Amino acid sequence: SSQSKKIARAVFSEKHYNSIIEVITLTDKTFGRYFTGAILDSILVGLVCFIMMQIFGMPYSPLISVFVGVTNIIPFFGPFIGAIPCAFFILLINPMQCLWFVIFIVILQQIDGNIIGPKILGTTTGISEFWVTFSLLLCGGLFGFIGMIIGVPLFAVIYYVIKNLINRKIQERGLPAETALYRNAGSVDPETLEFTELPQEETSKKKKESKPSKKQ
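Criteria and thresholds
- Just so you know, the residues in each chain are numbered from 1, in the order the chain's sequence is written.
- In view of the model being predicted, local features appear only for residues whose pLDDT reaches at least 70, and side-chain atom pairs are presented and counted only at 80 or more, with totals across whole chains, interfaces and linings using the full set of residues.
- Side-chain measures here rest on the full set of heavy atoms in the structure, leaving out hydrogens and waters.
- Put simply, DSSP marks the helices as runs of H or I at least four residues long and the strands as runs of E at least two long, and each gets a number from the N terminus on.
- Under the scheme applied here, a residue whose accessible area is under 20% of the maximum for its type counts as buried, over 50% as exposed, and between as partly exposed, the area being computed with a 1.4 Å probe on protein chains only.
- Any two residues whose heavy atoms approach within 4.5 Å are treated as being in contact.
- One fewer than the residue count of a helix, multiplied by 1.5 Å, yields its expected span.
- At any given residue, the bend is defined as the angle formed between two axes, one fitted to the seven residues that end at that position and one fitted to the seven that begin there.
- Fitted lines through C-alpha atoms serve as axes, helices being fitted only where they are in contact, and the angles separating the N-to-C directions of these axes extend from 0 to 180 degrees.
- Should the near helix be turned counterclockwise from the far one by less than a right angle, the crossing is left-handed, whereas a clockwise turn marks it as right-handed.
- Only Asp, Glu, Lys and Arg are considered charged in this grouping, and only Ala, Val, Leu, Ile, Met, Phe, Trp, Tyr, Cys and Pro are considered nonpolar; every other residue, Gly among them, is considered polar.
- Surface patches are defined over residues having more than 30% relative accessible area and no salt bridge, joining like charges when they lie within 9 Å and nonpolar side chains (Val, Leu, Ile, Met, Phe, Trp, Tyr) when within 5 Å.
- Where accessible areas are quoted, they stem from the Shrake-Rupley method and a 1.4 Å probe; at the residue level, only the protein chains shown are allowed to cover.
- By definition, a salt bridge exists where a carboxyl oxygen of Asp or Glu is found within 4 Å of a side-chain nitrogen of Lys or Arg.
- Think of it this way: Lys and Arg go in the positive column, Asp and Glu in the negative one, and His and the chain ends go nowhere.
- By convention, the charge on Lys lies at NZ, on Arg at CZ, on Asp at CG and on Glu at CD.

**Q** Help me understand the overall build of the chain, please; the structure alone is not making it clear to me.
**A** Of regular secondary structure, the chain possesses seven helices and two strands. Along the chain, helices (α) and strands (β) appear in the sequence α-α-α-α-α-α-β-β-α when read from the amino end. Counting across all 216 residues of the chain, residues that qualify as buried make up 27%. Taking the intrachain contacts of the chain between residues at least 6 apart in sequence as the baseline, contacts between residues at least 24 apart amount to 51%.

**Q** Explain helix H6 (residues 129-172) here, please?
**A** The end-to-end C-alpha separation of H6 is 31 Å, well short of the 64 Å expected for 44 residues at 1.5 Å each. Along its length, H6 reaches its greatest deviation from straightness, about 150°, at Phe143. Once H6 ends, the next one or two residues include Gly174, with phi positive near 75°.

**Q** I would appreciate a short explanation of the packing of helix H2 (residues 14-56) against H6 in the present structure.
**A** When two helices pack together, their arrangement is given by the angle between the helix axes and by the axis-to-axis distance. Contact geometry of H2 with H6 gives a least axis separation of 9 Å together with a crossing angle of 145°. Here H2 runs over H6; the crossing is right-handed. Listed contacts from H6 to Glu22, Val23, Leu26, Thr27, Thr30, Phe31, Tyr34 and Phe35 of H2 are Met148, Ile149, Ile150, Val152, Pro153, Leu154, Ala156, Val157, Tyr160, Val161 and Asn164. Class assignment of the residues belonging to the contact of H2 with H6 gives a composition of 15 nonpolar, three polar and one charged.

**Q** Which parts of the structure should I look at to understand a positive patch on the surface?
**A** Together, Lys15, Arg168, Lys169 and Arg173 line one region of the surface with positive charge. Along the chain, Arg173 turns up in the loop between H6 and strand E1 (185-188). In this structure Arg173 comes out as exposed when scored by relative accessible area, which is 68%.

**Q** What's the story with unusual backbone geometry in this structure? I'm lost.
**A** Glycine aside, negative phi is the norm for most residues, and most peptide bonds take the trans geometry. The backbone of Tyr60 sits at a positive phi, close to 55°, despite the residue not being glycine. For Tyr60, a relative accessible area of 47% translates into the label partly exposed.

Structure below.
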């Protein structure tokens, strides 16, 4: 780390050096928070699995819960990698309990994959649940298994860098950087460089005028 900083300080200007250090620091924090969130999510899944297996009296509940929780760190395919051999072990002892275990795991993974997981990872990385799911699908399709593991923190870093560049360009033009202010923004006045607001639709008047008269 010290040698890299020394080389970067010798090669790049002060402005570029500060930008590089900022991105590297952000990358380190984002990846660390992401894997912390992934481990927390996996622990939660393992605990829920253990509690439900204890309630239903299923065999090997501590071992299976740990295995399901550890494999849950792998996005998408991890839950199935953990559930298939565990279901096979239960099948050897009690086929009916194996069926209930498979149904429970499917429900648990649907809740975790669509609600709990994106919420935890979105909080730790600073992006919304939508972008968490989007980054997993995008990076998983482009880079396969490795993309699924590093997709969310990598996308969070890229998202942050692009956001800062856009805000910097916007502020250089004397415009506000808050995204919410551009919701109703229309065209730009070439003289004042200010946005014109989009016209509001008068829905109530249009509905009254558009109603056809009914003839008996």
